[in-house]
Amino acid sequence: MGRFQEELLERVERFADRVLDVARAIEQAEAPRRVVDQLIGSGTSVGANTFEADEAMSRADFCRILAIILKELNETRFWLRLIARRGWVPPSRLESLEHEARELKLVFGAILSRTRANDR
């Protein structure tokens, strides 16, 4: 039995799918391979780490993984903003994805804060 509701797990899966769609688009726009790889790495890591946190072995492990998720969301936002600035994908196409990254940060940040507060 995991720690997260199925809706959150599905939400991060959709986030990863959308990141991969953007990665495909910037590949076609001939963005540097490094940028494509970085976006894929950080954007899909959110989902992978969420699934890992869902089955964490301890509260400390759970908190550690949540912190990684927050870092990966920040990195993904950076790459999305860079992609928009460079014009590889229209900024309007990226707005909702960046918004979702901010929303997920709030969700995971609240979970981390609440977990740490309960440990005190």
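Look up a bit, the structure's there.
Residues numbered from 1 in each chain as written. Predicted model: local features only at pLDDT ≥ 70, side-chain atom pairs only at ≥ 80, totals over all residues. Heavy atoms only, no water.

**Q** How would you explain the pattern of salt bridges if you had to name every residue and give the values?
**A** One pass over the full model with this rule turns up nine salt bridges. A salt bridge links Arg-33 to Glu-27; its shortest N-O distance comes to 2.3 Å. Residue classification places Arg-33 among the partly exposed residues on the basis of a relative accessible area of 43%. Here Asp-61 ties to Arg-64 by a salt bridge, and the two come within 2.8 Å at their closest N and O atoms. One end of the pair, Asp-61, and the other, Arg-64, are both in helix 3 (residues 59–86), three residues apart, so they sit about a helical turn from each other. (Salt bridge = Lys/Arg side-chain N within 4 Å of Asp/Glu carboxyl O. Buried < 20%, exposed > 50% of the residue type's maximum accessible area, 1.4 Å probe, protein only. Helix = DSSP H or I, 4+ residues; strand = E, 2+ residues; numbered from the N terminus.)

**Q** Describe the packing of aromatic side chains, and please don't skip the residues or the numbers.
**A** Under the counting rule described, the total for this entry stands at three aromatic pairs. Centre to centre, the rings of Phe-4 and Phe-108 are 6.0 Å apart; their planes meet at 85°, and the pair counts as edge-to-face. Of this pair, Phe-4 sits in the segment before helix 1 (6–28) while Phe-108 is found in helix 4 (residues 91–119), placing the two residues 104 residues apart along the sequence. The residues Phe-4 and Phe-108 share a single accessibility class, namely buried. (Phe/Tyr/Trp six-rings, centres within 6.5 Å; stacked < 30°, edge-to-face > 60°.)

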